Structures are given as structure tokens and as C-alpha cells.
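Read off the chains here:
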Amino acid sequence: MILRLCKVALAGIVSMLIGASIQTYAASENTEAWWQRYGDERDALYSHMRRYGIHREGVAAMRRLTESAPPYFDPHVSLASEKLLNPGEYYRFEMDEFILSMKVPDMRAVPGNWIWPYTNTRTPDSGMEKLLAREKGALKVASLGWYICRGLFSPGLFGRCETAGMLFVYRVLQPEERLRFSTPERLRELSGEVLKNSIRPRDEVERAIQAGSFLSGAGNRIHLDPESVVINGRVWVRNAMDSSYGRRYSYMTALSSDRMVGFGFGLPEYDYSADPDPAAYPAAIKRAYALMEELVASLRIARVNDDGLPDPFVIERVEPAPLPVREKLQTAQ
């Protein structure tokens, strides 16, 4: 009987939060009872999407809920992926008229993985317009990380668990930027300029060393010059940069004349320059590379209502990858 009442209460909360009409929440109260209700409603939304899958109504309800607790306000809603998706499943992101899907590794995720499943920059409301202006047109799509652990006496790895992770960003291109993203060749040139600008001049580094001061980026080195690669029919431009004890791969592609998406994948801490032969890397580093390659190989981008016109970044058009199977959402719910 108690279990039945709990289910009824949960269904009532979910029904209220994901109804067709926009809910108006009561003014926030800094009381234990108010925050308890807030937490219950948030948990109910997560439970609903865990059961039926991530959907626009649930994300919109999550936005309305979070905005009921001033001073927090963020029209680009993030969700904790570990509460909704399982290791090894496909993630799906809708960015205006584009759908990006990818298969995440079947590995233990670092707590605090976040996804932004829906991004609307074509018809933004006032809140999104302010956010786009503040972020100069760049919005996060996913921030994910996985544990890469090794034995206590692994050489050069200090015997601890590091992380490998990625950050996806979707960007609205400014008019003055669009030519640089118009073809893979121009994007490679731009990528090369960004890499070179990340290298600190030698005399600047030496002055910092003599002064005993910290200089951000002093250890930056180009590991991989920009090159074009084709992933599931789409051309991406990638490069890699080494820092003092790290390596980061970057991938970029243009989705249209005024939109692009890119991501960076960070490998665990290690002195890569001292051990340049990948075959000699410790097992943990090799696992991190395999994780990155698996994720990259699964990337698929499709366009809703694709007009089929020539696109310099598209070699072959593909469909989105299949979503994880969830319980069918009933109309009455």
C-alpha cells in the first residue's frame, strides 16, 4: 500500500512538471521544506526520463524547476548523464537542425558527467539570447570523463587513477568567421594558426623561469599538425597539443555556413614527450587511446530534413545511431 502511494505521488509530480502548459512555480523559500520539495521534483523528473528516455518536455520542465530557485538561471539545461544513461549506450544531442550521436565506452564514468541534449539557437528566447551573447555563441553539448586506473607501481604514472575525458561545444559562427570554416582546407589553416598561437615564445618562457614565476602554456608543444579525417561520412579537422604532462586531441567540423561543432579529448597525465613511441606507453595510456578511438569512430551527424545539396564537409550522408531502448511513454502520462 505504501509503495502504491509513493508511485501515485511520483506520477503526480511528474504529471505536474511535464504537462503541456508551462508551470508557474511558487517563489523560492530558503526553508528545509521548500528545498525538500525542490529535490523531490528534480528526482521525479530524472526518474521519469530514466524510465522513458530523455525528451524535450522533461528538459523543459527541468529548466522551469531550476529557474524557480534564484539566483540560478540557465536556459541551456544540463543533465547528469550517469542518472539517465548506462555505460556503453548511445548518446544523442539535437543542436538546432542537426542530430549528433555517439557511443560512449563501457567504462566507469567519473561523477559529474553532464550533457545538454537540446540546443536551440535558431529561435532563441530572451534567456538564450543573453547566454549566447555572454558565451560568444559557444554552448556546451557534453562534458564527460572516465577513470583510467593503473597498478601502484606503473612507471611514470604515479600509481593513481587519472581520467580521460572530452568536452563537446556547438558554436554559432560570426559573419567574419564563416569564410574560415567554409571548406576543410580553410579550416585546417585556421586550426594551424590556433596551434601556433598556443606556443609560448622561447624568450618569454626563459624570462618566466628566471623570474621563478608560473607561465600558463609554457610547456605547450604541437604533437600533431592539423589534418583532415573522415568519420562516418563527415570530414573533421583534427590536431593534437602536448602540455607539460598531458595531451589533448581536438576535432572540428562545420555543420553549415554559420554553425560548427568541435570537441577536445584529454588523455591522462603522462610525460608524452619523454616517451614518444606509442608502442612503449604503459597499459593505462593505451587504454585511454583505445577509449578515444572507440568514441570517435562512433560519431555520426545527421541533418533533419536534409536538402541533399553539396556540402564540402559531407562525403556520405548517414542516419543517427539508434537510441537506447526504454519503456514506451504512454499518451496519458
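These lines cover the structure that appears in this document, whether it is placed above or below. Note that this is a predicted model, so its numbers are computed, not measured. (Residues numbered from 1 in each chain as written. Predicted model: local features only at pLDDT ≥ 70, side-chain atom pairs only at ≥ 80, totals over all residues. Heavy atoms only, no water.)

**What about unusual backbone geometry?**
Then comes step 1: One non-glycine residue, Lys 136, lies in positive phi territory at about 55°.
Then comes step 2: For Lys 136, a relative accessible area of 64% puts it in the exposed group.
Then comes step 3: Even without a glycine there, the phi angle at Asn 232 is positive, about 50°.
Then comes step 4: Judged by relative accessible area, Asn 232 falls into the partly exposed class, the value being 29%. (Buried < 20%, exposed > 50% of the residue type's maximum accessible area, 1.4 Å probe, protein only.)

**Comments concerning the sheet that holds strand 3 (residues 98–103)**
Backbone hydrogen bonds are what pair the strands of a sheet, in a parallel or an antiparallel way.
Then comes step 1: Spatial strand order, 5-2-3-12: four strands in an open sheet with mixed pairing. Whereas interior strands pair on both sides, the edge strands pair on one side only; in this sheet they are strand 5 (118–119) and strand 12 (300–303).
Then comes step 2: Bridging between strand 2 (residues 90–95) and strand 5 involves two bridges; their strand directions are parallel. Each bridged residue has a counterpart across the sheet, and for Met 95 the counterpart in strand 5 is Thr 119. (Pairing = 2+ DSSP bridges. Helix = DSSP H or I, 4+ residues; strand = E, 2+ residues; numbered from the N terminus.)

**Focus: the pairing of strand 11 (residues 259–266)**
Within a regular beta strand, the side chains point alternately toward one face of the sheet and then the other, so they alternate between its two faces.
Then comes step 1: Taking burial as the measure, the eight residues of strand 11 include eight buried ones, the bulk of the element.
Then comes step 2: Every second residue of strand 11 is oriented toward a common face, with Arg 259, Val 261, Phe 263 and Phe 265 on one face and Met 260, Gly 262, Gly 264 and Gly 266 on the other, all of them buried.
Then comes step 3: Pairing of strand 10 (residues 246–256) with strand 11 involves eight bridges; the strand directions are antiparallel. Bridge pairing in strand 11 links Arg 248 to Gly 266.
Then comes step 4: Between strand 10 and strand 11, which pair antiparallel one after the other, the connecting turn spans two residues.

**As for the nonpolar core**
Then comes step 1: Core analysis: the biggest nonpolar cluster contains 57 residues, and Met 102, Phe 168 and Trp 236 have the highest contact counts within it.
Then comes step 2: The element that contributes the greatest number of residues to this core is helix 7 (residues 283–297), accounting for eight residues.
Then comes step 3: With residues up to four places along the chain from it excluded, the contact list for Phe 168 reads Leu 100, Met 102, Leu 139, Lys 140, Val 141, Ala 142, Trp 236, Val 261, Gly 262, Phe 263 and Leu 299.
Then comes step 4: Counting ten residues, the second largest nonpolar core, distinct from the first, contains Leu 187, Val 237, Met 260 and Phe 313. (Core = buried A, V, L, I, M, F, W, Y, C linked by side-chain atoms within 4.5 Å. Contact = heavy atoms within 4.5 Å.)

**Describing the environment of Gly 127**
Then comes step 1: For Gly 127, the position within the fold is in helix 4 (residues 126–134).
Then comes step 2: Look at Gly 127 and you get buried, because its relative accessible area is 6%.
Then comes step 3: For the pair Gly 127 and His 76, spaced 51 residues apart in sequence, the C-alpha to C-alpha distance is 8.9 Å.
Then comes step 4: If near-sequence neighbours (up to four positions away) are discounted, Gly 127 is found in contact with Phe 73 and Pro 75.

**A few points about the environment of Met 292**
Then comes step 1: For Met 292, the position within the fold is in helix 7.
Then comes step 2: Of the residues examined, Met 292 reaches a relative accessible area of 4% and is grouped as buried.
Then comes step 3: Through-space distance from the C-alpha of Met 292 to that of Met 166 is 8.9 Å; in sequence the pair is 126 residues apart.
Then comes step 4: The residues touching Met 292, leaving out its near neighbours within four places in the chain, are Tyr 249 and Phe 265.

**Concerning the packing of aromatic side chains**
Then comes step 1: Scanning all chains against the criterion turns up twelve aromatic pairs.
Then comes step 2: Aromatic pair Tyr 249 and Tyr 289: ring centres 6.1 Å apart, planes at 80°, arrangement edge-to-face. Of the two residues, Tyr 249 sits in strand 10 while Tyr 289 sits in helix 7, which places them 40 residues apart along the sequence. Like Tyr 249, the residue Tyr 289 is buried in the burial classification.
Then comes step 3: Note on Tyr 251 and Phe 263: the rings are 4.8 Å apart at their centroids and 0° apart in plane angle, and the pair reads as stacked. Of the two residues, Tyr 251 is situated in strand 10 and Phe 263 in strand 11; the sequence distance between them amounts to twelve residues. Taken as a pair, Tyr 251 and Phe 263 share a single burial class, namely buried.
Then comes step 4: Ring pairing ties together the aromatic residues Tyr 249, Tyr 270, Tyr 272, Tyr 281 and Tyr 289, which thus form one cluster. (Phe/Tyr/Trp six-rings, centres within 6.5 Å; stacked < 30°, edge-to-face > 60°.)

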